[in-house]
Amino acid sequence: MIVDNMSTDRSTKSKKGMTTVMGMAASQARFLGLTARKNNVEFEGQQINQQRTVLSNQSANYYNDLLGMSVPTPPSVDNYTKTVYSFDDGALTNTVTSLIAEPGGLYTISYLSKWQDDYSAVSASTSIVTRTGTEPDYTYSIGATDLRELGSIDPSITDPKEQADRQREEQAWANLLEQKYGKKDWVVRYVKDTTTGAETPYFYAKDDLEKATYDEKTNTSLSNINCYTIGSEQKVEEHIAIEHCKVEKDSSGRFISISIPEVGEDGETTYTTYALTTQTTTDQDAYKDAMNEYEYQKQLYDQSIEDINSKIEIIQAEDKNLELRLKQLDTEQDAISNEVDAVSKVIEKNTESSFKTFG
């Protein structure tokens, strides 16, 4: 049997060509898949970089907020401490409240005069009052002592002169009560000091007695009623803007004396000089209020710092996760690039084989 060698050779080449074509097709498909995956990886990497940029901007904004925050500072006690000047004029203690410089080295001053008035209407201990009789002719008493109208006849005094003296004295007390508490009708009782024999007057406003609520059975007031007496009280008088006063300073610039002008009946101006006493005082209430405000602002500041730091930590955690994912994509991209190179070489080799097979 005679074999056609040329026909066999062509068949073999044909089979090899088909194999090469199929290999090229598979390689091309793999190459396209790798290329698509590589593009996806690159795109995802770009997206991650954009997200990291956004996070970086957010973080920068938070840091700018931190830099722009004002740190609360505690108040200084020096800001609430001042030097107070005072001078004595007999029984009066005068406290300077204002010193304003005038041209020519003179000053306009204001000051408060304080003194103790031993003959003043003052509050005393409140009392439970008993009421008897019928409206409107009630009689009021404290214990066994009846209250009588201030300035009326005192039945305990029989001497006409003593009675007149008592009424004049009570009229003076009525004037003091009216000056301080307004025009009212008053009743009075006296309490004798068993040691000295001196009597102390106690006053009650009739309005307070009449408006009080009384127990129906005992006829006693259900609450204590205000009581007043004659006692000692500090009085204050303000002297405002006295012009053309002279002052003397020591070497440190502190005031040591003041001369206050007074115009006499003849029109002549004379000066009375007083030595100034220096005292440093601190407004404790104002300082306490300022410290409370500082503590409040500090709490707000600390809370704001904590909130911002928490947000920055969240951003840093998100950025760390994105960074790890980006590294994974870099590794994956390197692997894809290597595989693309390998497939490219296979495609190149198949192409060469195809030309040899069909050439």
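Residues numbered from 1 in each chain as written. Predicted model: local features only at pLDDT ≥ 70, side-chain atom pairs only at ≥ 80, totals over all residues. Heavy atoms only, no water.

Inspection of the entire model under this criterion finds 15 salt bridges. A salt bridge links Glu233 to Lys180, with the shortest nitrogen-to-oxygen separation between them at 2.4 Å. Of this pair, Glu233 sits in strand S10 (residues 225–249) while Lys180 sits in helix H2 (residues 160–181), and the two are 53 residues apart along the sequence. Note on Lys180: relative accessible area 38%, which makes it partly exposed. (Salt bridge = Lys/Arg side-chain N within 4 Å of Asp/Glu carboxyl O. Helix = DSSP H or I, 4+ residues; strand = E, 2+ residues; numbered from the N terminus. Buried < 20%, exposed > 50% of the residue type's maximum accessible area, 1.4 Å probe, protein only.)

Of all hydrophobic cores here, the largest spans 13 residues; its most connected members are Phe87, Ile109, Tyr111, Ile242, Ile258, Ile260 and Leu276. Going through the elements one at a time, strand S1 (81–89), strand S3 (107–127), S10 and strand S11 (255–263) are the ones with two or more residues in this core. The contacts of Ile260, once residues within four sequence positions are left out, are Phe87, Ile109, Tyr111, Ile242, Cys245, Thr270, Tyr271, Thr272 and Tyr274. (Core = buried A, V, L, I, M, F, W, Y, C linked by side-chain atoms within 4.5 Å. Contact = heavy atoms within 4.5 Å.)

A residue-level look at the protein chain finds 90% of positions with pLDDT of 70 or above and a mean pLDDT of 87. The secondary structure element of the protein chain with the lowest average pLDDT is helix H1 (residues 5–68), at 74, and the one with the highest is strand S9 (residues 199–205), at 96. (pLDDT = per-residue confidence, 0-100.)

Here we take up H2. Look at H2: 31 Å from first C-alpha to last across 22 residues, which is about the 32 Å you get at 1.5 Å a residue. All of the buried residues in H2 are Gln163, Arg166, Glu170, Trp173, Leu176 and Leu177. Seen end-on, H2 carries its buried residues on one side only, within an arc spanning 140 degrees. The outward face of H2, more than 90 degrees from its buried face, is lined by the exposed residues Pro160, Lys161, Arg168 and Gln179. Residues of H2 that are buried make contact with S3, strand S7 (148–149), strand S8 (186–192), S9 and S10. (Expected span 1.5 Å × (residues − 1). Arc of directions from axis to C-beta.)

This part covers a negative patch on the surface. Residues Glu135, Asp185, Asp207 and Glu210 make up a contiguous surface patch of negative charge. Along the chain, the position of Glu210 falls in helix H3 (residues 206–211). (Patch = residues over 30% accessible without salt bridge, like charges linked within 9 Å, V, L, I, M, F, W, Y side chains within 5 Å. Areas by Shrake-Rupley, 256 points an atom, 1.4 Å probe, with all protein chains shown as cover. Lys, Arg positive; Asp, Glu negative; His and termini not counted. Charge placed at Lys NZ, Arg CZ, Asp CG, Glu CD.)

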